[in-house]
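Next come the chains, spelled out residue by residue.
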Amino acid sequence: MLTKLYGLLLVVVGIVATGLGAAAGGWWAGLLLIAYGVYLILPGWKLVIW
């Protein structure tokens, strides 16, 4: 359950970081956060980097 909450948090932070980083050229970092968050939300065994 904690992994899914962590994944949801990363998706939200990734969306914000993509919007803010677009002006500074760091939009790719937000996309990586979104991708990792979606990976954590999907069912199955996960490797979690805390």
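Just so it is clear, the model here is predicted, and its values are computed rather than measured. (Residues numbered from 1 in each chain as written. Predicted model: local features only at pLDDT ≥ 70, side-chain atom pairs only at ≥ 80, totals over all residues. Heavy atoms only, no water.)

When its secondary structure is counted, the protein chain shows two helices and zero strands. Judged by the C-alpha coordinates and their principal axes, the protein chain covers about 35 × 15 × 15 Å. Across the 50 residues of the protein chain, 18% fall into the buried class. Considering only contacts within the protein chain whose residues lie at least 6 apart along the sequence, 51% involve residues at least 24 apart. Split by element, the accessible area of the protein chain, about 3,600 Å² in all, is 83% carbon and sulfur. (Helix = DSSP H or I, 4+ residues; strand = E, 2+ residues; numbered from the N terminus. Buried < 20%, exposed > 50% of the residue type's maximum accessible area, 1.4 Å probe, protein only. Contact = heavy atoms within 4.5 Å. Areas by Shrake-Rupley, 256 points an atom, 1.4 Å probe, with all protein chains shown as cover.)

Turning to the environment of Ala-22, a few remarks are in order. Its place among the elements puts Ala-22 in helix α1 (residues 2–24). Spatially, the C-alpha atoms of Ala-22 and Met-1 are 32 Å apart, while their sequence positions differ by 21 residues.

Scanning the model with the defined rule gives one aromatic pair in all. With centroids separated by 5.9 Å and ring planes inclined at 25°, the aromatic side chains of Tyr-36 and Tyr-39 adopt a geometry described as stacked. Placement of both Tyr-36 and Tyr-39 in helix α2 (residues 27–41) is noted, with a separation of three residues, approximately one turn of the helix. Residue Tyr-36 is classed as partly exposed on the basis of its relative accessible area, which comes to 21%. (Phe/Tyr/Trp six-rings, centres within 6.5 Å; stacked < 30°, edge-to-face > 60°.)

No statement about biological role is implied by the geometric values presented.
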